[in-house]
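Single-letter residue listing:
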2 protein chains.
Amino acid sequence: MYTIKEVSEKTGVSEHTLRFWAKSGFFPFVKRNQNNIRQFSEDDLGWVRIVQCLRKVGIENKSIKRYIDLCIMGDSTIQERYEIIKTTKEKARKQMEDLKHQLDMLEYKEQFYQNLIKNNLKDSWNPMNKMKENLNCAI
Amino acid sequence: MYTIKEVSEKTGVSEHTLRFWAKSGFFPFVKRNQNNIRQFSEDDLGWVRIVQCLRKVGIENKSIKRYIDLCIMGDSTIQERYEIIKTTKEKARKQMEDLKHQLDMLEYKEQFYQNLIKNNLKDSWNPMNKMKENLNCAI
DNA sequence: TATTATATTAGAGTTACTATCAGTCAAGTA
DNA sequence: TACTTGACTGATAGTAACTCTAATATAATA
């Protein structure tokens, strides 16, 4: 059993956000002790991790709540939950692709600046200066 | 020269967001025609794309503004701009890694539900049912 | 000439936190 | 017994980055 602090440390989700999520109905099975303190079980930790995963892929809280509610409803909703996961996975895959493009662009920019710096120091009248002049345009 | 609509279509950034970014000072060189309509040049399009790239990697608008301002200031800021791009690239690389973990988790979940569905339909008293019972816990 | 399309602006609304405050409660320590 | 610590509650305000709405203007088209 884990306190909210331990869950925060284990998952990297702030205590604030965990309470916010709890209030949003994301952890319906978390028990309290006699002092009203939340006691997260290993399974509850699993819920935290899946919520965290869905959020990181950009699923909005309303949709996460829907998924949680389906889980609570039991076996009859397995198909729908499967579809949600499949769609989310596809979304994550597209994000990976997109992020790869951004990484490529940043690598290109890095090279661009690296050349600029190298040539600026060594040689002030080489062809790179054409680029230099256009710097404000090309960023 | 492109209208805001054309830029939106070319880049996938909404007209709304483009105006918001413009207002934030991200496109200082965009000219207007006699009717006060924005006319994006090919170079301006380049600015849109780099801003889009930085946003997609999660760089906050305040930092983007800083980068834009450095660009305007000219050659003396090349080193600092280079550092920003390098740091951003590193950030993007870390995001890729993290997203890969989320993708792995979603793939695992997909398999989990797939097995559940397959076994539920074919055989109601196999070992998978243990998992089924724990579904609400394991999500 | 009337309508439609596209553009502009200011400003309100939204999401998902994030932070702060005020106050309660219980457990452990000096 | 007083004090500190950690957790809880609720309310409220602030923030980032959009996102949407409304009011208005111009230009092209029927």
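Please refer to the structure higher up on the page.
All values derive from a computational prediction rather than experimental measurement.

(A) Main features of the overall build of chain A. When helices and strands are counted, chain A shows 7 helices and 2 strands. When the helices and strands of chain A are listed from N to C terminus, the series reads α-α-β-β-α-α-α-α-α. When burial is assessed residue by residue, chain A has 42% of its 139 residues classed as buried. Considering only contacts within chain A whose residues lie at least 6 apart along the sequence, 48% involve residues at least 24 apart. A total accessible area of about 8000 Å² is found for chain A, and carbon and sulfur atoms account for 53% of it.

(B) Expanded view of the side chain of Glu110(A). With respect to the helices and strands, the residue Glu110(A) is situated in helix α5 (residues 78–122). Setting aside residues up to four positions removed in sequence, Glu110(A) forms contacts with Tyr82(B), Ile85(B), Lys86(B) and Lys89(B).

(C) Expanded view of the protein's contact with DNA strand C. With respect to spatial proximity, 18 residues lie near DNA strand C, and among them His16(A), Glu60(A), Asn61(A), Arg19(B) and Arg38(B) are the closest. Taken together, the sugar and phosphate atoms account for 84% of what DNA strand C places within 4 Å of the protein. Within the side chain of His16(A), an N or O atom sits 2.9 Å from a base nitrogen of DNA strand C. The contact in question runs from a phosphate oxygen of DNA strand C to an N or O atom on the side chain of Trp21(A), over 3.1 Å. Listed by contribution, the elements that provide at least two residues to the surface near DNA strand C are α2 (15–23) of chain A together with α1 (4–11) and α2 (15–23) of chain B. For the surface near DNA strand C, the element with the highest residue contribution is α2(A), accounting for 4 residues. Grouping the constituent residues of the surface near DNA strand C by class yields 4 nonpolar, 6 polar and 8 charged.

(D) Structural view of the packing of α1(B) against α2(B). All names here are of chain B. At their nearest, the axes of α1 and α2 sit 9 Å apart, and the two run at 110° to each other. Considering their axes alone, α1 and α2 lie roughly perpendicular with respect to each other. Each of Ile4, Lys5, Val7 and Ser8 in α1 lies in contact with α2, whose residues at this interface are Glu15, Leu18 and Arg19. Across the contact of α1 with α2, the residue classes break down as 3 nonpolar, 1 polar and 3 charged.

(E) Representation of the protein's contact with DNA strand D in the model. Near DNA strand D lie 18 residues; those nearest to it are Arg19(A), Arg32(A), Arg38(A), Asn35(B) and Glu60(B). Here DNA strand D approaches the protein such that, of its atoms within 4 Å, sugar and phosphate make up 82%. Here Arg32(A) contributes a side-chain N or O atom positioned 2.8 Å from a phosphate oxygen of DNA strand D. Listing elements by their share of the surface near DNA strand D, those giving two or more residues are α1 (4–11) and α2 of chain A together with α2 and α4 (61–73) of chain B. When residues of the surface near DNA strand D are assigned to their parent elements, the largest contribution, 4 residues, is made by α2(B). In terms of residue class, the surface near DNA strand D is made up of 4 nonpolar, 6 polar and 8 charged.

(F) Local environment of the relation of the copies chain B and chain A. Relative to chain A, chain B is turned by 179° and slid 0.2 Å along the rotation axis, the superposed coordinates differing by an RMSD of 0.5 Å. What we have between these two chains is a two-fold relation. Closest to the rotation axis within chain B is the C-alpha of Met96(B), separated from it by 3.4 Å. When the interface residues of chain B are mapped onto chain A, 100% of them again lie at the interface, so the same face is used by both copies.

(G) Up close: the state of the cysteines. A complete count under the given rule lists 0 disulfides over all chains for this structure. Cys71(A) provides the cysteine sulfur closest to Cys53(A), a residue in no disulfide bond, and the two sulfurs are 13 Å apart.

Conventions used here
- Residues numbered from 1 in each chain as written.
- Chains lettered and ligands numbered in written order.
- Predicted model: local features only at pLDDT ≥ 70, side-chain atom pairs only at ≥ 80, totals over all residues.
- Heavy atoms only, no water.
- Helix = DSSP H or I, 4+ residues; strand = E, 2+ residues; numbered from the N terminus.
- Buried < 20%, exposed > 50% of the residue type's maximum accessible area, 1.4 Å probe, protein only.
- Contact = heavy atoms within 4.5 Å.
- Areas by Shrake-Rupley, 256 points an atom, 1.4 Å probe, with all protein chains shown as cover.
- Near = heavy atom within 4 Å.
- Polar contact = N/O pair within 3.5 Å; in protein donor to acceptor, adjacent residues only side chain to side chain.
- Nonpolar A, V, L, I, M, F, W, Y, C, P; charged D, E, K, R; others polar.
- Axes fitted to C-alpha atoms, helices over the stretch in contact; angles between N-to-C directions.
- Parallel < 35°, antiparallel > 145°, perpendicular 65-115°, else oblique.
- Least-squares fit on C-alpha atoms with pLDDT ≥ 70 in both.
- Disulfide = S-S within 2.5 Å.

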